[in-house]
Amino acid sequence: MDILFFIIGLFLLIIGAEWLVKGASKLASSLKISPLIIGLTVVAFGTSAPELAVSIKSSLTGQEAIALGNIVGSNIFNVLFILGIAALILPLTVSKQLLRLDVPLMIVLSIVVFLFSLNGVISKTEGIILVLGLLVYIFFLIYQNRKDNAAEPDRVISESKSGKSMWAKNIILVIVGLALLMVGSQWFLNGAIMIAQYFGVSELIIGLTIVAAGTSLPEVVTSVLAAIRGERDIAVGNVVGSNIFNLLSVLGISALVAPGGLEISASFINFDLPVMIAVAFACLPIFFTGGVISRGEGALLLGYYVVYTLYLILAATQHASLPILSTVLIYFVLPLTMIVLLMVVMQQFRRRR
């Protein structure tokens, strides 16, 4: 039965993502909304529903660590794993809006959340600020889309006429696709956990790997299928939009519903949040390289996620090789990464001049 749930869940994930991407891309055309905006809002917010459900439930039951780990872990997973896999399938074109607004916003929000957490708690007031920030972000996207439509009226008319008669069908595709993603991710996750337990994999390792990535399964399948279908704006917008949604909505609402706000441990402040900020910063120079995330850059992102996961497992099990890995990361991998990123930024500035 576990294997059956695993297979059915995977099937529902694929079908749900296929319908979601197909409906969202056509809906964008028929409603005069760019695919990027759809990816940043409808698709991103919809595929982040598992994170929202898990974090709210954890906050209400006093399990703040699970809520925070879910949010921060998902953001790291989204950038390193999902963008890495999607770029390996097909190099991803990055729009100017992502470079100018959404990626910088993701970086700023990561820093703001870190500053909020320095006193050891994200209060209800700070939760309200984050939720209000989400509303401002959505209204700005709507304004920006109308401004772009006004600048290119001929393109908008030709696109909207072709899909206007099918808008109701596309909305149904989006809704049903999201529903299948939610059900499929739950069945797939439960089946994977039970299979892992059957083969003797410890609950700790399951929690650090399968469960951590489980709530991001809708984003994985959606971005991968969007890349396969050539909907690159949706593939990239889904990841960036999901991260912004996680920080503003999921974290904000979790802080509001938690009895005394979200308490944050010192280890979380000292390691997990800085890693999330570093991952967000790493996006900007990579996105600079010709406006495309290449297969090589995708492999680099995926490699970093493997190293990050390995570090978590070794740290949790207090493995003897942890000091060696820590030394390699601190004195080799991180400095080399910073040098490469700085070289990329300087090269792009020189080209623009």
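Because the structure is predicted, anything quoted here is derived from the model rather than measured.

Quick notes on the overall build of the protein chain
Thought 1: The number of helices and strands found in the protein chain is 14 helices and four strands.
Thought 2: Looking at the protein chain residue by residue over its 353 residues, the buried ones come to 48%.
Thought 3: Partitioning the intrachain contacts of the protein chain with sequence separation of at least 6 by distance along the chain shows that 85% fall at a separation of at least 24.
Thought 4: Carbon and sulfur atoms provide 72% of the accessible area of the protein chain, an area that totals close to 16,700 Å².

Description of the packing of aromatic side chains
Thought 1: Summed over all chains, the structure comprises seven aromatic pairs.
Thought 2: Aromatic side chains Phe 81 and Tyr 305 sit 5.6 Å apart centroid to centroid with 65 degrees between the ring planes, which places their arrangement in the edge-to-face category. Residue Phe 81 is located in helix H4 (residues 64-89), and its partner Tyr 305 is located in helix H13 (residues 295-317); the two are separated by 224 residues in the primary sequence.
Thought 3: For Phe 81, a relative accessible area of 23% translates into the label partly exposed.
Thought 4: Here the aromatic rings of Phe 271 and Tyr 308 are separated by 6.5 Å at their centres, their planes lie at 15 degrees, and the arrangement is stacked. One end of the pair, Phe 271, is in helix H12 (residues 266-288); the other, Tyr 308, is in helix H13, and 37 residues separate them in sequence.
Thought 5: Members of the aromatic cluster, each reached through a chain of ring pairs, are Phe 77, Phe 81, Phe 271, Tyr 305, Tyr 308 and Tyr 311.

With respect to a nonpolar patch on the surface
Thought 1: On the surface, Ile 128, Leu 132, Leu 135, Phe 139, Ile 142 and Leu 256 cluster together to form a nonpolar patch covering roughly 540 Å² of accessible area.
Thought 2: Among the elements that make up the nonpolar patch, the one with the highest residue count is helix H6 (residues 124-151) (five residues).
Thought 3: By the secondary structure assignment, Leu 256 is in helix H11 (residues 232-257).
Thought 4: Since its relative accessible area comes to 31%, Leu 256 is described here as partly exposed.

A look at the nonpolar core
Thought 1: Judged by nonpolar contacts, the single largest core of 84 residues is most densely connected at Leu 83, Leu 92, Val 103 and Phe 287.
Thought 2: When residues of this core are assigned to their parent elements, the largest contribution, twelve residues, is made by H11.
Thought 3: Setting aside its immediate chain neighbours within four residues, Val 103 contacts Leu 98, Val 240, Cys 283, Leu 284 and Phe 287.

Let's talk about the confidence of the model for the protein chain
Thought 1: On average, residues of the protein chain score 78 in pLDDT, and 88% of them reach the 70 mark or higher.
Thought 2: Low confidence marks residues 155-163, where pLDDT is under 50. Its contacts with residues over four positions away, or in another chain, come to ten contacts.

Let's talk about H13
Thought 1: With 23 residues, H13 extends 33 Å between its outermost C-alpha atoms, agreeing within 8% with the 33 Å of an ideal straight helix rising 1.5 Å per residue.
Thought 2: Just beyond H13, the residue with positive phi is Gln 318, at close to 50 degrees.

Overview of the side chain of Ser 223
Thought 1: Secondary-structure assignment places Ser 223 in helix H10 (residues 217-228).
Thought 2: At 3.1 Å, the side chain of Ser 223 forms a polar contact with the backbone oxygen of Ala 235.
Thought 3: Contact partners of Ser 223, with chain neighbours within four places excluded, come to Ile 82, Ala 86, Ala 235, Asn 238 and Val 239.

Looking at the environment of Ile 33
Thought 1: The residue Ile 33 is located in the loop between helix H1 (2-30) and helix H2 (35-47) in this model.
Thought 2: Residue classification places Ile 33 among the partly exposed positions, given a relative accessible area of 24%.
Thought 3: Between the alpha carbons of Ile 33 and Arg 146 there is a distance of 8.3 Å; along the sequence they are 113 residues apart.
Thought 4: Excluding residues that lie within four positions of it along the chain, Ile 33 makes contacts with Ala 28, Ile 38 and Asn 145.

As for the side chain of Asn 78
Thought 1: For Asn 78, the location among the structural elements is in helix H4.
Thought 2: Beyond its immediate sequence surroundings of up to four residues, Asn 78 is in contact with Leu 83, Ser 216, Glu 219, Val 239, Ser 242, Asn 243 and Asn 246.

Some words on the packing of H4 against H10
Thought 1: Across the interface, H4 lies against H10 with an axial gap of 9 Å and an inter-helix angle of 25 degrees. One finds that H4 runs roughly parallel with respect to H10. Remark: the crossing between H4 and H10 carries right-handed chirality. Between H4, through Phe 77, Asn 78, Phe 81, Ile 82, Ile 85, Ala 86 and Ile 89, and H10, the contact on the second element is made entirely by Glu 219, Val 220, Ser 223, Val 224, Ala 227 and Ile 228.
Thought 2: By residue class, the composition of the contact of H4 with H10 is ten nonpolar, two polar and one charged.

Remarks on H2
Residues lying three or four places apart along an α-helix face the same way, a consequence of the helix completing one turn every 3.6 residues.
Thought 1: Between its first and last C-alpha atoms H2 spans 16 Å; for 13 residues at 1.5 Å apiece the expected length is 18 Å, and the helix comes up short by more than 12%.
Thought 2: Taken across its 13 residues, H2 has eleven buried, putting it largely inside the fold.
Thought 3: Looking only at H2, the buried set comprises Leu 36, Ile 37, Ile 38, Gly 39, Leu 40, Thr 41, Val 43, Ala 44, Phe 45, Gly 46 and Thr 47.

Calculation criteria
- Residues numbered from 1 in each chain as written.
- Predicted model: local features only at pLDDT ≥ 70, side-chain atom pairs only at ≥ 80, totals over all residues.
- Heavy atoms only, no water.
- Helix = DSSP H or I, 4+ residues; strand = E, 2+ residues; numbered from the N terminus.
- Buried < 20%, exposed > 50% of the residue type's maximum accessible area, 1.4 Å probe, protein only.
- Contact = heavy atoms within 4.5 Å.
- Areas by Shrake-Rupley, 256 points an atom, 1.4 Å probe, with all protein chains shown as cover.
- Phe/Tyr/Trp six-rings, centres within 6.5 Å; stacked < 30°, edge-to-face > 60°.
- Patch = residues over 30% accessible without salt bridge, like charges linked within 9 Å, V, L, I, M, F, W, Y side chains within 5 Å.
- Salt bridge = Lys/Arg side-chain N within 4 Å of Asp/Glu carboxyl O.
- Core = buried A, V, L, I, M, F, W, Y, C linked by side-chain atoms within 4.5 Å.
- pLDDT = per-residue confidence, 0-100.
- Expected span 1.5 Å × (residues − 1).
- Polar contact = N/O pair within 3.5 Å; in protein donor to acceptor, adjacent residues only side chain to side chain.
- Axes fitted to C-alpha atoms, helices over the stretch in contact; angles between N-to-C directions.
- Parallel < 35°, antiparallel > 145°, perpendicular 65-115°, else oblique.
- Left-handed = near helix turned anticlockwise from the far one by under 90°.
- Nonpolar A, V, L, I, M, F, W, Y, C, P; charged D, E, K, R; others polar.

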